[in-house]
Amino acid sequence: MLMGAIRTKIANRALSPGERLPSVRRFAEKMRVSPSTVVEAYDRLEAEGIIRARRGSGFYVTGADLPPMALAEMGPVRERNVDPFWVSRQSLDTDASFLKPGCGWLPADWMPHAALRKGLRALGRAEDTLLTDYGTTHGSLTLRRLLLGRFAEEGISAAADQIILTGSGTQSIDLICRLLLQSGDVVVVDDPCYFNFQALLRAHQVKIVGVPYTPTGPDVSAFEQVLRDEKPRLYITNSALHNPTGASPSPQTAHRVLSAATAHGLTIVEDDIFAEFEPELSPRLASLDGLNRVIRIGSFSKTLSASLRCGYIAARPDWIEGLVDLQLATSFVGPSPMATELIAGVLAGGSFRKHMDEIRQRLSQSQKVARHRLEALGLTPWTIPRGGFYLWCRLPDGHDSSAIAKRCLEDKIVLAPGNAFSVSQSAGSFLRFNVAQLGDERIFAMLRRALD
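A short tour of the structure in this document, coming up. (Residues numbered from 1 in each chain as written. Predicted model: local features only at pLDDT ≥ 70, side-chain atom pairs only at ≥ 80, totals over all residues. Heavy atoms only, no water.)

## A few points about the sheet that holds strand β6 (residues 217–218)
As a reminder of what qualifies: Pairing between two strands is assigned when DSSP locates at least 2 bridges connecting them. Per the convention used, a helix needs a DSSP run of H or I reaching at least four residues, while a strand needs a run of E reaching at least two, with both numbered from the N terminus. Only heavy atoms matter for contacts: two residues are in contact if any of them lie within 4.5 Å across the pair. Axis definition: a line fitted to C-alpha atoms, over the contacting stretch in the case of helices. Angles run 0 to 180 degrees between N-to-C directions.
If you walk across this open sheet you meet the eight strands as β3-β10-β9-β8-β7-β4-β5-β6, and the pairing is mixed. Sheet topology places β3 (163–166) and β6 at the edges, where each strand pairs with a single neighbour. In this structure, β3 lies alongside strand β10 (residues 311–314), joined through four bridges in antiparallel fashion. Directly across from Thr 166, in β10, lies its bridge partner Gly 311. Those strands touched by helix α8 (residues 169–180) are β3, β7 (234–238), β8 (267–271), β9 (294–299) and β10, and its axis lies near 150° from that of β9. Packed on one face of the sheet, helix α13 (residues 317–331) meets β3, β8, β9 and β10 and runs near 25° to β3.

## Comments concerning the sheet that holds strand β12 (residues 390–394)
If you walk across this open sheet you meet the four strands as β11-β12-β14-β13, and the pairing is antiparallel. Both edges of this open sheet fall to β11 (380–381) and β13 (416–417), since each of them pairs with a single strand only. Summarising the sheet, β11 and β12 pair through two bridges and their orientation is antiparallel. The residue bridging Thr 380 from the neighbouring strand is Arg 394, located in β12.

## Quick look at unusual backbone geometry
Heads up, the condition is: Here's how the labels work: a residue is buried when its accessible area is under 20% of the maximum for its type, exposed when over 50%, partly exposed in between, all with a 1.4 Å probe on protein chains only.
In this model, Asp 191 is joined to Pro 192 through a cis peptide bond whose omega is 10°. Here Pro 192 shows up in the loop between β4 (186–191) and α9 (195–203). Here Asn 243 and Pro 244 are connected by a cis peptide whose omega angle stands at 15°. As for its placement among the helices and strands, Pro 244 is situated in the loop between β7 and α11 (251–264). One non-glycine residue, Lys 231, lies in positive phi territory at about 50°. When you line up the elements, Lys 231 lands in the loop between α10 (220–230) and β7. Note on Lys 231: relative accessible area 62%, which makes it exposed.

## Examining the pattern of salt bridges
Side-chain pairs of opposite charge can arise whenever the charged atoms involved come near each other. The following threshold applies: Salt bridge, as applied in this entry: a Lys or Arg side-chain nitrogen positioned within 4 Å of an Asp or Glu carboxyl oxygen.
Under the defined criterion, the tally for this structure stands at 18 salt bridges. With a shortest N-O distance of 3.5 Å, Asp 185 and Arg 233 are connected by a salt bridge. One end of the pair, Asp 185, is in the loop between α8 and β4; the other, Arg 233, is in the loop between α10 and β7, with 48 residues separating them in the sequence. Residue Asp 185 is classed as buried on the basis of its relative accessible area of 16%. Salt-bridge contacts for Arg 386 lead to Glu 278; the nearest nitrogen and oxygen are separated by 2.5 Å. Residue Arg 386 is found in the loop between β11 and β12, and its partner Glu 278 is found in the loop between β8 and α12 (285–289); the two are separated by 108 residues along the sequence. Look at Arg 386 and you get partly exposed, because its relative accessible area is 37%. Several salt bridges converge on common partners, so that one network encompasses Glu 154, Glu 270, Asp 272, Glu 278, Glu 280, Arg 284, Arg 296 and Arg 386.

Take it as geometry only, folks, not as evidence of what the structure does.
Set out below in structure tokens:
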């Protein structure tokens, strides 16, 4: 049983090459077996060459003869342990009868349907080549120029050839990892962080190190210590309206993070997917850095449509050239020209800014209502976000968010338990709520039952 558990963790890259295994005592307590049983399992795995002992330090994954990738050893989807895939699978695969206050998108009736339908009708009158041909290697010039206009509002001066359009925000990170990382490299993420950062990094077989996140950004002292001790290659973060906490970095934190990155030769990937939801822009690392050491990524899935798959990367020209080649190698070209033409048409139209103004107002009101309803159940917001749709809430003492989430799933309520977001597994008392998805009274009734 123990050897199988360790092999599974190595196969799904929850344990990466060079990573230290849990101590004998800790693993014995977790698995509820004797320390001697753990010692025997470790000895056998060492004999197979899967792990290696280091005198006075412990046991480490060797990376030799890694089994085929198994990102998820699946039983029935609702019975699996909570991990970085749990929330995604429940949110995407459950049918319309499920309520989804744990999901990461706005309700369908909040999205700009009229503008999208108008854009679709315009596509029907487009030139034949738009409907049938591949796009260019960098993607739609029209859309890239619209992005440059948004960057200019932040003070970022860039050229169109510093942007590449991709199939999604997730593909953007995947391409960056392919370009800049090798197996066994160290990558820093926030703790907690967006759960799919962890899932994707495991697929790249790197070592993931978490830095505690505070209401004003990453804990800078801990961040600097990690840079000294671990010498990471990348730091991946949400720049503002952080997922899952909703926090935004202070100017002081942003400056210190960038200074530390410069001193240690660290590259930063700034995921700015929630930019449009801020009432006023908070500090951006890319703005302070000028796209030198910082790579900006984003997409349009939260503001326009998750069905129109399109992301972007803005970076130094030499990195963009490498990313173009990688995208050619892995998917030939980026997003569909029809998708990018539709997105560009909506963004350029006068209705988009009005749409976002309305969304920000609705989210502000929804957040106030949600805070009041959740606090009445004993759930305390960790911070009050400046905007966006997330509330990171602490449960009353004695409750575990994974257990609450599994209990509510039986009542067709999809929640987002804290440890799905935590590298250190230290967020078991938290739930992430989407305030835009909390309009149904049944959610609060089921939460009350689960907490009793």
